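Per-entry structural report
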Amino acid sequence: MTLQEFANKYLYYLFVFTLLFGIVFYDIIGFNSIDEICGMLLLILFARNMFKEKDWPINKFFLITICVFLFYTVYSFCIGSNTKRAIFMDLIIQMKPYLAFFCIYQMTPQFNENQKKTLKELCLVLWCIFLPIGLYGFLDIHIFNRIMGHPSCYAAIVTALSLTYLYCGKYSKKEKAMFLLMLLVGIASGRSKFYGFYALSIFMIFYLGKIENLKFDFKTTTALLFLLVAMAFVAREKLDLYFVQGLSETESEEKDLLARFVLYATSFKLFIDYLPFGTGLASFGTHASGVYYSNIYTKYGIDSVWGLSKSFNKFIADTYYPSLAQFGIMGVILFFLFWIYIILKSIRNSKITEDSKLFTITCLIIGYLLIENIADASFTSNRGLFMMMFLGLVAANQKAEAKKIIQTKQIQRLKND
């Protein structure tokens with residue numbers, strides 16, 4: 001078995017395992033260490049792959065990402081953002097999604113047709129099993145709390161199964177329609193974030209998912225603006241609460257009622273007070289900053305807020321974007337540059353392959369994470385691990401397909417010459 005065949009085989013098993021136990025049955029089983037186990041298995045496979053390679057190839061963008069995290073680790077030690085143990089804990093949590101992406105991307109796994117067919121059928125079977133729960137959820141939304149703890153868990157299951165189904169198919173009209181149908185049942189979760197994601201899915205499938213529309217002209221710009229307006233409309237209540245009120249009423253009584261509101265409001269202050277690199281690792285809005293209680297909460301007078309106190313810190317890591325205050329304005333810029341880089345690479349490869357399927361899935365995964373992070377720490381959770389593994393798989397497939405086409409064209413030119 002060659003090195004690539006080994007990667008193809010065992011990364012497929014790991015992908016399926018992560019889908020099943022890191023997403024579908026994660027909240028039902030209640031074993032919260034599954035994502036750490038999956039991440040560790042992925043690192044082991046990556047390490048084996050690297051040691052077997054003669055020239056130790058590594059993606060330059062991966063090296064840049066590692067250097068950025070090393071800088072913030074040293075910076076955190078220098079300013080004493082928290083204890084050393086807390087900083088190392090937060091470093092591992094914050095790096096986990098990036099490692100998931102780059103490890104898969106570096107190993108460039110290719111699932112064969114039989115593997116894709118099996119995975120596609122598995123997604124359909126699982127969706128049919130969870131369909132009655134969703135249909136009943138339209139009548140009684142509390143069914144999600146009783147079975148899996150929260151409606152957002154059901155939305156995550158539906159999203160993961162639908163996207164995996166779309167990836168494993170041929171991207172035919174029938175499969176596109178089935179993807180949107182599978183995704184539709186997630187509306188039962190009643191989450192405004194899911195409404196926004198469904199609007200994005202419709203837009204990607206029917207408009208931007210066409211290769212001829214991958215250009216920035218007046219028509220595309222107008223369509224994108226219309227999409228943003230539609231997404232803002234369905235999420236208007238959350239946007240008003242976290243951003244509009246957060247800027248104008250930071251001292252209101254709502255601090256005692258909603259932890260997310262306070263986290264957003266305080267993060268704006270931290271971006272200004274800790275220019276340009278932020279408060280450092282394990283200092284604000286993360287799990288580590290709650291376990292090893294950060295003095296930032298006391299310094300900014302929010303340690304008495306329900307869910308953010310030292311004795312009850314359940315909601316400290318309940319959303320992602322406020323935690324970017326740890327990295328400051330510079331960190332925010334780097335965070336969004338990461339996504340822009342991936343999208344631009346995907347657009348370039350799509351134009352080479354003249355295939356919009358993988359570009360569509362790339363945008364949907366990124367869109368899902370960006371939307372979810374408004375009111376959830378999905379990026380650093382089990383959902384983020386799976387989605388970043390998925391994104392790495394899609395990006396690797398695009399790169400491999402584009403490389404084959406370029407090599408074929410070069411051979412043809414040599415023959416013609």
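The rules behind the values
Residues numbered from 1 in each chain as written. Predicted model: local features only at pLDDT ≥ 70, side-chain atom pairs only at ≥ 80, totals over all residues. Heavy atoms only, no water. Helix = DSSP H or I, 4+ residues; strand = E, 2+ residues; numbered from the N terminus. Buried < 20%, exposed > 50% of the residue type's maximum accessible area, 1.4 Å probe, protein only. Areas by Shrake-Rupley, 256 points an atom, 1.4 Å probe, with all protein chains shown as cover. Axes fitted to C-alpha atoms, helices over the stretch in contact; angles between N-to-C directions. Parallel < 35°, antiparallel > 145°, perpendicular 65-115°, else oblique. Left-handed = near helix turned anticlockwise from the far one by under 90°. Contact = heavy atoms within 4.5 Å. Nonpolar A, V, L, I, M, F, W, Y, C, P; charged D, E, K, R; others polar. Core = buried A, V, L, I, M, F, W, Y, C linked by side-chain atoms within 4.5 Å. Expected span 1.5 Å × (residues − 1). Polar contact = N/O pair within 3.5 Å; in protein donor to acceptor, adjacent residues only side chain to side chain. Patch = residues over 30% accessible without salt bridge, like charges linked within 9 Å, V, L, I, M, F, W, Y side chains within 5 Å. Salt bridge = Lys/Arg side-chain N within 4 Å of Asp/Glu carboxyl O. Phe/Tyr/Trp six-rings, centres within 6.5 Å; stacked < 30°, edge-to-face > 60°.

Quick word on the overall build of the protein
- Helix and strand counts for the protein come out as 18 helices and 0 strands.
- Residue burial in the protein is summarised as follows: out of 417 residues, 54% are buried.
- In the form shown here, the protein has an accessible surface area of approximately 19700 Å², with 66% of it arising from carbon and sulfur atoms.

A closer look at the packing of helix 3 (residues 34-52) against helix 18 (residues 382-416)
- As a packed pair, helix 3 and helix 18 sit with axes 9 Å apart at the nearest point and diverge in direction by 30 degrees. Classified by the angle their axes make, helix 3 and helix 18 are roughly parallel. In this structure, the crossing between helix 3 and helix 18 has a hand that is left-handed. Here helix 3 contributes Asp35, Cys38, Gly39 and Leu42 to the contact with helix 18, which in turn contributes Asn382, Leu385 and Met389.
- Residue classes in the contact of helix 3 with helix 18 are distributed as 4 nonpolar, 2 polar and 1 charged.

A closer look at the nonpolar core
- In this structure, Trp339 and Phe390 are the most contacted members of the largest nonpolar core, which totals 123 residues.
- Here this core takes 13 residues from helix 8 (residues 151-168), the largest share from any one element.
- If sequence neighbours within four positions are ignored, Trp339 has contacts with Ile366, Leu369, Leu370, Phe379, Met388 and Leu391.

Points about helix 18
- Between its first and last C-alpha atoms helix 18 spans 52 Å; for 35 residues at 1.5 Å apiece the expected length is 51 Å, and the two agree.
- Its side-chain oxygen at 3.3 Å from the backbone nitrogen of Arg383, Ser381 defines the N-terminal cap of helix 18.

Regarding a nonpolar patch on the surface
- A surface patch of nonpolar side chains, amounting to about 770 Å² of accessible area, comprises Leu275, Ile329, Met330, Ile333, Leu334, Phe336, Leu337, Ile340 and Leu344.
- Summarising the element assignment, Leu344 is placed in helix 16 (residues 328-353).

A short note on the pattern of salt bridges
- Per the stated rule, a full pass over the model turns up 9 salt bridges.
- A salt bridge links Glu175 to Lys120; its shortest N-O distance comes to 2.5 Å. Taken as a pair, Glu175 in helix 9 (residues 173-184) and Lys120 in helix 6 (residues 113-137) lie far apart in primary sequence, 55 residues in all.
- Two residues, Glu372 and Lys193, come together in a salt bridge whose shortest N-O distance is 3.5 Å. Separated by 179 residues along the polypeptide, Glu372 in helix 17 (residues 357-372) and Lys193 in helix 10 (residues 192-208) bring together distant segments of the chain.
- On the basis of relative accessible area, Glu372 is assigned to the buried category, the value being 8%.
- Each of the salt bridges in this network shares a partner with another, and the network as a whole consists of Lys193, Glu372, Asp376 and Arg383.

What about the packing of helix 6 against helix 9?
- As a packed pair, helix 6 and helix 9 sit with axes 12 Å apart at the nearest point and diverge in direction by 35 degrees. The handedness of the crossing between helix 6 and helix 9 is left-handed. Residues Lys120, Cys123, Leu124 and Trp127 of helix 6 form the contact with helix 9, whose own contacting residues are Glu175, Met178, Leu181 and Met182.
- Across the contact of helix 6 with helix 9, the residue classes break down as 6 nonpolar, no polar and 2 charged.

Focus on unusual backbone geometry
- Note the cis peptide between Leu275 and Pro276, where omega equals -10 degrees.
- On the secondary structure map, Pro276 appears in the loop between helix 13 (259-273) and helix 14 (287-291).
- Not every positive phi belongs to a glycine, and Ala282 is a case in point at roughly 60 degrees.
- Take Ala282: it is sitting in the loop between helix 13 and helix 14.
- Here the phi dihedral of Glu354 falls at roughly 55 degrees; this positive angle occurs in a residue that is not glycine.

Points about the packing of aromatic side chains
- All told, the structure shown has 51 aromatic pairs when counted by the stated rule.
- Each ring, one from Phe6 and one from Tyr10, has its centre 4.5 Å from the other, and the planes form 40 degrees; the classification is tilted. Here Phe6 and its partner Tyr10 are both found in helix 1 (residues 3-24), 4 residues apart, which amounts to about one turn of the helix.
- Phe6 gets classed as buried once you look at its relative accessible area, which sits at 19%.

Describing the environment of Phe261
- Looking at where Phe261 falls in the secondary structure, it is placed in helix 13.
- The exposure class assigned to Phe261 is buried, which follows from its relative accessible area of 0%.
- Taking the C-alpha atoms as reference points, Phe261 and Pro322, 61 residues apart in sequence, are found 9.9 Å from one another.

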